[in-house]
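Each chain, written out:
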Amino acid sequence: MIDKIKISLNDYSPNDNINWKSKEVKNCPPEKYFYKAKLYNSKFATKKFPLKLLLTANEKNNIFSLNIRGSIRKWYYQENSRKDLNSNEFDKCLKFIAEELNTELKTLLKGKITQLEVGVTLLLKSEMRNLIDCFVKYRNAERKIVKKTSLYFHFKNYNLIFYDKYLEINNNDIRPQKKRNVFNKFYLFRFEVNAKKVSGTILKSKFNTLEKLRNNWNQLPPMLEKYIDDIVFVDVISKEKETDIKDYPDFINHIAYMGIKKYGVIESINLFNKFVNTSNKKKKLEDFINIYRSNVTNELDLKRKLSTALAKKLDRLYNKSNI
DNA sequence: AGAGGCCAATTACCATGGAA
DNA sequence: TTCCATGGTAATTGGCCTCT
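To start, this report covers the structure provided alongside it. As the structure is a prediction and not an experimental result, all values here were calculated from the model.

1. Here we look at helix α2 (residues 87-101)
Helix length check: α2 (15 residues) gives 21 Å between terminal C-alpha atoms against 21 Å at 1.5 Å per residue, within 8%. Among the residues of α2, those classed as buried are Ser87, Glu89, Phe90, Cys93, Leu94, Phe96, Ile97, Ala98, Glu100 and Leu101. A side-chain oxygen of the first residue of α2 lies 3.0 Å from the backbone nitrogen of asparagine 88; this N-cap is asparagine 86. With its phi angle positive at about 55°, asparagine 102 sits one or two positions after the end of α2.

Now the structure itself:
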(Lines give C-alpha, C1' and ligand atoms only; values in the text may rest on other atoms or scores of the structure.)
Protein backbone atom coordinates (compact mmCIF):
# COMPACT_ATOMS: atom_id res chain seq x y z
CA MET A 1 0.00 0.00 0.00
CA ILE A 2 2.97 2.29 0.49
CA ASP A 3 4.54 3.74 -2.62
CA LYS A 4 6.52 6.98 -2.64
CA ILE A 5 7.95 7.97 0.70
CA LYS A 6 10.41 10.40 2.21
CA ILE A 7 12.14 9.35 5.40
CA SER A 8 14.59 11.25 7.57
CA LEU A 9 16.95 9.63 10.02
CA ASN A 10 18.51 11.76 12.72
CA ASP A 11 21.54 9.79 13.65
CA TYR A 12 23.07 7.52 11.03
CA SER A 13 26.60 6.16 10.55
CA PRO A 14 27.15 6.27 6.82
CA ASN A 15 27.89 3.07 4.92
CA ASP A 16 31.33 3.40 3.25
CA ASN A 17 30.30 1.10 0.42
CA ILE A 18 27.86 3.68 -0.87
CA ASN A 19 29.22 6.01 -3.49
CA TRP A 20 28.60 9.36 -1.79
CA LYS A 21 29.07 12.45 -3.92
CA SER A 22 29.33 15.83 -2.30
CA LYS A 23 26.57 18.27 -3.01
CA GLU A 24 26.40 22.05 -2.79
CA VAL A 25 23.59 23.52 -0.73
CA LYS A 26 23.20 27.28 -0.69
CA ASN A 27 22.51 29.36 2.41
CA CYS A 28 23.14 26.91 5.14
CA PRO A 29 25.36 26.84 8.21
CA PRO A 30 29.11 26.50 7.45
CA GLU A 31 29.50 23.43 9.68
CA LYS A 32 27.23 21.33 7.48
CA TYR A 33 28.27 19.29 4.48
CA PHE A 34 25.99 17.41 2.11
CA TYR A 35 26.44 14.24 0.12
CA LYS A 36 24.08 12.50 -2.22
CA ALA A 37 23.89 8.94 -3.50
CA LYS A 38 21.59 6.45 -5.17
CA LEU A 39 20.58 3.32 -3.36
CA TYR A 40 19.91 0.27 -5.51
CA ASN A 41 18.25 -2.98 -4.57
CA SER A 42 21.07 -5.54 -4.65
CA LYS A 43 18.68 -8.51 -4.58
CA PHE A 44 18.26 -7.87 -8.29
CA ALA A 45 20.83 -7.72 -11.09
CA THR A 46 18.98 -4.75 -12.56
CA LYS A 47 19.78 -1.23 -11.43
CA LYS A 48 16.47 0.49 -11.65
CA PHE A 49 14.26 2.69 -9.49
CA PRO A 50 16.97 3.77 -7.02
CA LEU A 51 16.10 5.45 -3.75
CA LYS A 52 17.70 8.88 -3.51
CA LEU A 53 19.81 9.57 -0.46
CA LEU A 54 20.89 12.88 1.02
CA LEU A 55 23.46 12.70 3.80
CA THR A 56 24.12 15.68 6.02
CA ALA A 57 27.33 15.85 8.03
CA ASN A 58 27.57 18.23 10.93
CA GLU A 59 31.22 19.03 11.58
CA LYS A 60 30.53 20.46 15.02
CA ASN A 61 29.03 17.43 16.71
CA ASN A 62 30.05 14.78 14.18
CA ILE A 63 26.49 13.65 13.64
CA PHE A 64 25.19 12.48 10.29
CA SER A 65 21.58 12.63 9.27
CA LEU A 66 20.06 10.93 6.27
CA ASN A 67 17.12 11.61 3.97
CA ILE A 68 15.76 8.77 1.87
CA ARG A 69 13.18 9.34 -0.83
CA GLY A 70 11.66 7.42 -3.70
CA SER A 71 9.13 4.73 -4.47
CA ILE A 72 9.86 1.80 -2.18
CA ARG A 73 7.22 -0.14 -4.08
CA LYS A 74 9.09 0.11 -7.38
CA TRP A 75 12.41 -0.30 -5.57
CA TYR A 76 11.27 -3.50 -3.88
CA TYR A 77 9.79 -5.15 -6.99
CA GLN A 78 12.22 -3.51 -9.41
CA GLU A 79 9.34 -2.91 -11.76
CA ASN A 80 6.40 -0.62 -12.17
CA SER A 81 3.44 -2.95 -12.09
CA ARG A 82 0.03 -3.20 -10.53
CA LYS A 83 1.49 -4.96 -7.51
CA ASP A 84 1.23 -3.21 -4.15
CA LEU A 85 3.25 -3.94 -1.03
CA ASN A 86 1.41 -6.04 1.51
CA SER A 87 2.41 -5.91 5.17
CA ASN A 88 4.92 -8.78 4.96
CA GLU A 89 6.56 -7.28 1.92
CA PHE A 90 6.67 -3.86 3.55
CA ASP A 91 8.52 -5.42 6.50
CA LYS A 92 10.94 -7.22 4.20
CA CYS A 93 11.44 -4.07 2.19
CA LEU A 94 12.44 -2.12 5.30
CA LYS A 95 14.80 -4.91 6.28
CA PHE A 96 16.46 -4.80 2.85
CA ILE A 97 16.81 -1.03 2.99
CA ALA A 98 18.44 -1.29 6.42
CA GLU A 99 20.86 -3.89 5.01
CA GLU A 100 21.76 -1.72 2.03
CA LEU A 101 22.37 1.20 4.37
CA ASN A 102 24.37 -1.07 6.66
CA THR A 103 22.36 -0.12 9.69
CA GLU A 104 20.01 -1.81 12.15
CA LEU A 105 16.33 -2.19 11.32
CA LYS A 106 15.50 -0.51 14.60
CA THR A 107 17.54 2.54 13.61
CA LEU A 108 15.65 2.78 10.35
CA LEU A 109 12.30 2.36 12.11
CA LYS A 110 12.98 5.52 14.10
CA GLY A 111 12.95 7.42 10.81
CA LYS A 112 10.44 10.23 10.49
CA ILE A 113 8.12 10.18 7.52
CA THR A 114 7.72 13.63 6.04
CA GLN A 115 6.12 12.71 2.73
CA LEU A 116 3.99 9.68 2.03
CA GLU A 117 1.97 8.18 -0.76
CA VAL A 118 -0.53 5.47 0.15
CA GLY A 119 -2.15 3.81 -2.83
CA VAL A 120 -3.67 0.78 -4.48
CA THR A 121 -4.26 -0.39 -8.02
CA LEU A 122 -7.57 -2.14 -8.66
CA LEU A 123 -8.23 -4.49 -11.53
CA LEU A 124 -11.61 -3.42 -12.87
CA LYS A 125 -13.50 -4.26 -16.05
CA SER A 126 -13.19 -1.81 -18.90
CA GLU A 127 -16.86 -0.82 -18.51
CA MET A 128 -15.58 1.20 -15.52
CA ARG A 129 -13.11 3.11 -17.72
CA ASN A 130 -14.67 6.54 -17.19
CA LEU A 131 -15.07 6.09 -13.46
CA ILE A 132 -13.23 9.33 -12.67
CA ASP A 133 -16.00 11.29 -14.40
CA CYS A 134 -18.34 9.99 -11.67
CA PHE A 135 -16.16 11.48 -8.90
CA VAL A 136 -17.71 14.89 -9.06
CA LYS A 137 -16.70 16.47 -5.76
CA TYR A 138 -14.66 15.91 -2.63
CA ARG A 139 -15.08 18.28 0.32
CA ASN A 140 -13.86 21.66 -0.84
CA ALA A 141 -10.94 20.37 -2.87
CA GLU A 142 -10.06 21.77 -6.26
CA ARG A 143 -11.07 19.18 -8.86
CA LYS A 144 -8.67 18.90 -11.75
CA ILE A 145 -8.55 16.55 -14.74
CA VAL A 146 -5.03 16.04 -16.07
CA LYS A 147 -4.42 14.60 -19.53
CA LYS A 148 -8.00 13.29 -19.68
CA THR A 149 -7.22 10.07 -17.79
CA SER A 150 -6.14 11.44 -14.38
CA LEU A 151 -8.14 13.16 -11.71
CA TYR A 152 -6.75 15.23 -8.84
CA PHE A 153 -8.58 16.48 -5.77
CA HIS A 154 -6.13 19.12 -4.75
CA PHE A 155 -5.47 20.40 -1.22
CA LYS A 156 -2.65 22.42 0.27
CA ASN A 157 -0.86 19.51 1.91
CA TYR A 158 -2.14 16.52 0.01
CA ASN A 159 -3.85 15.30 -3.13
CA LEU A 160 -6.21 12.46 -3.89
CA ILE A 161 -5.11 11.10 -7.25
CA PHE A 162 -6.87 8.70 -9.61
CA TYR A 163 -5.51 7.51 -12.91
CA ASP A 164 -5.23 4.72 -15.47
CA LYS A 165 -2.28 2.65 -14.26
CA TYR A 166 -2.09 0.57 -17.41
CA LEU A 167 -1.56 3.65 -19.55
CA GLU A 168 1.01 4.96 -17.07
CA ILE A 169 2.97 1.68 -16.99
CA ASN A 170 3.05 1.65 -20.79
CA ASN A 171 3.81 5.35 -21.19
CA ASN A 172 0.46 5.81 -22.93
CA ASP A 173 1.61 3.54 -25.74
CA ILE A 174 -0.73 0.57 -26.13
CA ARG A 175 -0.31 0.07 -29.87
CA PRO A 176 0.86 -3.58 -29.75
CA GLN A 177 -2.16 -5.85 -30.20
CA LYS A 178 -1.47 -7.77 -27.01
CA LYS A 179 -1.54 -4.62 -24.92
CA ARG A 180 -4.58 -3.39 -26.77
CA ASN A 181 -6.41 -6.58 -25.84
CA VAL A 182 -5.64 -6.12 -22.16
CA PHE A 183 -6.64 -2.49 -22.35
CA ASN A 184 -9.94 -3.30 -24.01
CA LYS A 185 -10.79 -5.85 -21.38
CA PHE A 186 -9.56 -4.27 -18.14
CA TYR A 187 -9.20 -0.96 -16.41
CA LEU A 188 -6.27 -0.76 -13.98
CA PHE A 189 -7.59 1.90 -11.69
CA ARG A 190 -5.02 3.57 -9.48
CA PHE A 191 -5.99 5.46 -6.34
CA GLU A 192 -3.45 7.34 -4.23
CA VAL A 193 -3.43 9.58 -1.23
CA ASN A 194 -0.38 11.71 -1.77
CA ALA A 195 0.78 13.74 1.23
CA LYS A 196 3.32 16.39 0.34
CA LYS A 197 3.50 17.42 3.98
CA VAL A 198 2.63 14.62 6.38
CA SER A 199 2.55 16.97 9.38
CA GLY A 200 -0.30 18.90 7.78
CA THR A 201 -2.59 15.95 7.14
CA ILE A 202 -4.62 13.32 8.94
CA LEU A 203 -1.56 11.04 8.62
CA LYS A 204 0.42 13.09 11.12
CA SER A 205 -0.54 11.24 14.28
CA LYS A 206 -0.39 7.59 13.26
CA PHE A 207 1.85 7.47 10.23
CA ASN A 208 4.65 9.95 10.82
CA THR A 209 7.40 7.42 11.62
CA LEU A 210 8.22 4.10 9.98
CA GLU A 211 7.60 2.33 13.25
CA LYS A 212 4.13 3.83 13.62
CA LEU A 213 3.35 3.12 9.99
CA ARG A 214 4.27 -0.49 10.54
CA ASN A 215 2.28 -0.80 13.76
CA ASN A 216 -0.76 1.01 12.38
CA TRP A 217 -0.77 -0.79 9.04
CA ASN A 218 -4.25 -2.18 9.73
CA GLN A 219 -5.62 1.36 9.88
CA LEU A 220 -4.61 2.15 6.31
CA PRO A 221 -7.47 0.19 4.65
CA PRO A 222 -10.29 1.97 6.54
CA MET A 223 -8.61 5.28 5.81
CA LEU A 224 -8.54 4.59 2.07
CA GLU A 225 -12.13 3.39 2.16
CA LYS A 226 -13.23 6.53 3.93
CA TYR A 227 -11.67 8.74 1.26
CA ILE A 228 -13.50 6.82 -1.47
CA ASP A 229 -16.76 6.89 0.50
CA ASP A 230 -16.63 10.62 1.06
CA ILE A 231 -16.37 11.43 -2.63
CA VAL A 232 -19.63 12.70 -4.08
CA PHE A 233 -20.45 10.06 -6.64
CA VAL A 234 -22.74 10.45 -9.64
CA ASP A 235 -23.12 7.69 -12.20
CA VAL A 236 -22.60 9.49 -15.50
CA ILE A 237 -21.83 6.28 -17.38
CA SER A 238 -25.07 4.28 -17.16
CA LYS A 239 -27.89 4.98 -19.65
CA GLU A 240 -30.67 7.42 -18.85
CA LYS A 241 -34.10 6.20 -17.89
CA GLU A 242 -36.99 6.25 -20.30
CA THR A 243 -38.87 9.48 -19.86
CA ASP A 244 -42.05 8.94 -17.86
CA ILE A 245 -43.73 12.17 -16.84
CA LYS A 246 -46.86 11.55 -14.78
CA ASP A 247 -47.36 14.85 -13.01
CA TYR A 248 -46.05 18.38 -12.64
CA PRO A 249 -43.17 17.55 -10.23
CA ASP A 250 -41.98 14.87 -12.70
CA PHE A 251 -42.11 17.46 -15.43
CA ILE A 252 -40.00 20.00 -13.53
CA ASN A 253 -37.62 17.29 -12.41
CA HIS A 254 -37.06 16.19 -15.99
CA ILE A 255 -36.49 19.70 -17.27
CA ALA A 256 -33.96 20.31 -14.50
CA TYR A 257 -32.25 17.03 -15.41
CA MET A 258 -31.99 18.07 -19.05
CA GLY A 259 -30.50 21.37 -17.93
CA ILE A 260 -27.86 19.71 -15.77
CA LYS A 261 -27.03 17.29 -18.56
CA LYS A 262 -26.73 20.04 -21.13
CA TYR A 263 -24.67 22.26 -18.86
CA GLY A 264 -22.54 19.43 -17.44
CA VAL A 265 -22.69 17.78 -14.01
CA ILE A 266 -19.43 19.30 -12.78
CA GLU A 267 -20.25 22.77 -14.08
CA SER A 268 -23.72 22.59 -12.53
CA ILE A 269 -22.27 21.64 -9.16
CA ASN A 270 -19.78 24.49 -9.39
CA LEU A 271 -22.59 26.93 -10.03
CA PHE A 272 -24.60 25.45 -7.18
CA ASN A 273 -21.62 26.01 -4.88
CA LYS A 274 -21.33 29.59 -6.00
CA PHE A 275 -24.97 30.53 -5.61
CA VAL A 276 -26.24 28.47 -2.72
CA ASN A 277 -25.02 29.38 0.74
CA THR A 278 -27.44 28.08 3.33
CA SER A 279 -26.50 26.29 6.51
CA ASN A 280 -27.60 22.91 5.19
CA LYS A 281 -25.74 23.20 1.93
CA LYS A 282 -24.64 19.58 1.98
CA LYS A 283 -28.21 18.33 2.03
CA LYS A 284 -29.35 20.83 -0.60
CA LEU A 285 -26.56 19.68 -2.86
CA GLU A 286 -27.66 16.08 -2.38
CA ASP A 287 -31.20 17.03 -3.42
CA PHE A 288 -29.84 18.88 -6.43
CA ILE A 289 -27.68 15.96 -7.54
CA ASN A 290 -30.58 13.56 -6.95
CA ILE A 291 -32.43 15.30 -9.75
CA TYR A 292 -29.78 13.99 -12.09
CA ARG A 293 -29.54 10.60 -10.38
CA SER A 294 -33.29 10.02 -10.57
CA ASN A 295 -33.16 10.28 -14.36
CA VAL A 296 -30.43 7.73 -15.05
CA THR A 297 -30.40 3.97 -14.56
CA ASN A 298 -27.89 2.30 -12.32
CA GLU A 299 -27.39 -0.69 -14.59
CA LEU A 300 -23.67 -0.97 -13.88
CA ASP A 301 -23.85 -0.32 -10.14
CA LEU A 302 -20.44 1.32 -10.40
CA LYS A 303 -20.14 2.60 -6.86
CA ARG A 304 -20.81 -0.82 -5.38
CA LYS A 305 -18.43 -2.55 -7.79
CA LEU A 306 -15.74 -0.07 -6.86
CA SER A 307 -16.29 -0.51 -3.11
CA THR A 308 -16.26 -4.29 -3.44
CA ALA A 309 -13.07 -4.30 -5.51
CA LEU A 310 -11.37 -1.95 -3.06
CA ALA A 311 -12.42 -3.96 -0.02
CA LYS A 312 -11.16 -7.20 -1.59
CA LYS A 313 -7.84 -5.71 -2.59
CA LEU A 314 -7.29 -4.16 0.82
CA ASP A 315 -8.13 -7.45 2.47
CA ARG A 316 -5.61 -9.35 0.34
CA LEU A 317 -2.97 -6.69 0.95
CA TYR A 318 -3.30 -7.18 4.63
CA ASN A 319 -0.84 -10.01 4.10
CA LYS A 320 -1.79 -12.77 1.68
CA SER A 321 -1.22 -11.40 -1.78
CA ASN A 322 0.01 -8.27 -3.49
CA ILE A 323 -2.20 -8.13 -6.59
C1' DA B 1 16.44 29.20 0.24
C1' DG B 2 13.31 25.68 0.72
C1' DA B 3 11.25 21.81 3.35
C1' DG B 4 8.89 20.49 7.14
C1' DG B 5 7.11 20.57 12.17
C1' DC B 6 4.00 22.54 15.47
C1' DC B 7 0.08 24.78 17.02
C1' DA B 8 -3.59 27.97 16.72
C1' DA B 9 -7.15 29.91 13.75
C1' DT B 10 -10.43 29.02 10.37
C1' DT B 11 -13.65 26.40 7.82
C1' DA B 12 -16.61 22.34 6.80
C1' DC B 13 -19.64 19.01 8.45
C1' DC B 14 -23.46 17.27 10.98
C1' DA B 15 -26.98 16.68 14.48
C1' DT B 16 -30.50 18.99 17.08
C1' DG B 17 -34.39 21.72 18.05
C1' DG B 18 -37.47 25.49 17.65
C1' DA B 19 -39.80 28.68 14.21
C1' DA B 20 -42.23 29.42 9.93
C1' DT C 1 -42.58 19.68 6.66
C1' DT C 2 -38.99 22.75 5.66
C1' DC C 3 -35.87 26.27 7.20
C1' DC C 4 -32.47 28.34 9.91
C1' DA C 5 -29.50 29.01 14.05
C1' DT C 6 -26.39 26.88 17.11
C1' DG C 7 -22.73 24.24 18.88
C1' DG C 8 -19.54 20.47 18.91
C1' DT C 9 -16.09 17.96 16.29
C1' DA C 10 -12.97 17.06 12.70
C1' DA C 11 -10.51 18.66 8.65
C1' DT C 12 -7.67 22.12 6.59
C1' DT C 13 -4.76 26.05 6.42
C1' DG C 14 -1.56 29.87 7.92
C1' DG C 15 2.19 31.68 10.53
C1' DC C 16 6.24 31.18 12.70
C1' DC C 17 10.15 28.57 13.81
C1' DT C 18 13.99 25.05 13.04
C1' DC C 19 16.76 22.17 10.21
C1' DT C 20 19.04 20.60 6.02
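After that view, the rundown keeps rolling.
2. Points about the packing of helix α9 (residues 248-263) against helix α11 (residues 281-293)
For the pair α9 and α11, the least separation of the axes is 8 Å and the interaxial angle reads 90°. Classified by the angle between their axes, α9 and α11 sit roughly perpendicular to one another. In contact with Asn253, Ala256, Tyr257, Ile260 and Lys261 of α9, α11 contributes Phe288, Ile291 and Tyr292. Classifying every residue of the contact of α9 with α11 by side-chain character gives 6 nonpolar, 1 polar and 1 charged.

3. Thoughts on the protein's contact with DNA strand C
Every one of the 14 residues lining DNA strand C counts as a neighbour, but Lys32, Thr56, Arg139, Tyr158 and Gly200 are closest to it. Atoms of DNA strand C within 4 Å of the protein: sugar and phosphate make up 77%, bases the balance. Here a sugar or linking oxygen of DNA strand C sits 2.8 Å away from a polar atom, N or O, in the side chain of threonine 56. With respect to DNA strand C, the side chain of tyrosine 158 contributes an N or O atom lying 2.8 Å from a phosphate oxygen. Residue composition of the surface near DNA strand C, by class: 6 nonpolar, 5 polar and 3 charged.

4. Regarding the side chain of threonine 209
Along the chain, threonine 209 falls in the loop between β11 (186-195) and α7 (210-215). Once residues within four sequence positions are removed from consideration, threonine 209 is found in contact with Leu109, Gly111, Lys112 and Ile113.

5. Quick notes on the packing of aromatic side chains
Considering all chains together, one arrives at 18 aromatic pairs under this definition. Here tyrosine 138 and phenylalanine 153 contribute two aromatic rings whose centre-to-centre distance is 6.0 Å and whose plane-to-plane angle is 45°, an arrangement assigned as tilted. With a gap of 15 residues between them, tyrosine 138 in the loop between β7 (135-137) and β8 (142-146) and phenylalanine 153 in strand β9 (residues 150-154) connect regions that are remote in the sequence. Note on tyrosine 138: relative accessible area 4%, which makes it buried. Classification of phenylalanine 153 by relative accessible area gives buried; the value is 0%. Through successive ring pairs, a cluster of aromatic residues spans Phe135, Tyr138, Phe153, Phe155, Tyr158, Phe162, Tyr187, Phe189, Phe191, Tyr227 and Phe233. The lysine or arginine in question, lysine 43, covers the ring of phenylalanine 96, its NZ or CZ lying 4.1 Å from the ring centre. Arginine 129 extends its terminal NZ or CZ atom over the ring of phenylalanine 183, reaching a point 3.7 Å from the ring centre.

6. A closer look at the sheet that holds strand β1 (residues 2-9)
Strand order in the open sheet formed by 10 strands is β2-β3-β4-β5-β1-β6-β11-β10-β9-β8, and the pairing between neighbours is antiparallel. The open sheet has two edge strands, β2 (21-23) and β8, and neither has a second partner. If you compare each strand with its neighbour and ignore which way they point, the axes differ by 20° on average. Relative to strand β6 (residues 112-125), β1 is paired through 5 bridges, and the arrangement is antiparallel. When the bridges of β6 are listed, lysine 6 appears paired with glutamine 115.

The rules behind these values
- Residues numbered from 1 in each chain as written.
- Chains lettered and ligands numbered in written order.
- Predicted model: local features only at pLDDT ≥ 70, side-chain atom pairs only at ≥ 80, totals over all residues.
- Heavy atoms only, no water.
- Helix = DSSP H or I, 4+ residues; strand = E, 2+ residues; numbered from the N terminus.
- Expected span 1.5 Å × (residues − 1).
- Buried < 20%, exposed > 50% of the residue type's maximum accessible area, 1.4 Å probe, protein only.
- Polar contact = N/O pair within 3.5 Å; in protein donor to acceptor, adjacent residues only side chain to side chain.
- Axes fitted to C-alpha atoms, helices over the stretch in contact; angles between N-to-C directions.
- Parallel < 35°, antiparallel > 145°, perpendicular 65-115°, else oblique.
- Contact = heavy atoms within 4.5 Å.
- Nonpolar A, V, L, I, M, F, W, Y, C, P; charged D, E, K, R; others polar.
- Near = heavy atom within 4 Å.
- Phe/Tyr/Trp six-rings, centres within 6.5 Å; stacked < 30°, edge-to-face > 60°.
- Lys NZ or Arg CZ within 6 Å of the ring centre and 35° of its normal.
- Pairing = 2+ DSSP bridges.

By themselves these figures say nothing about function.
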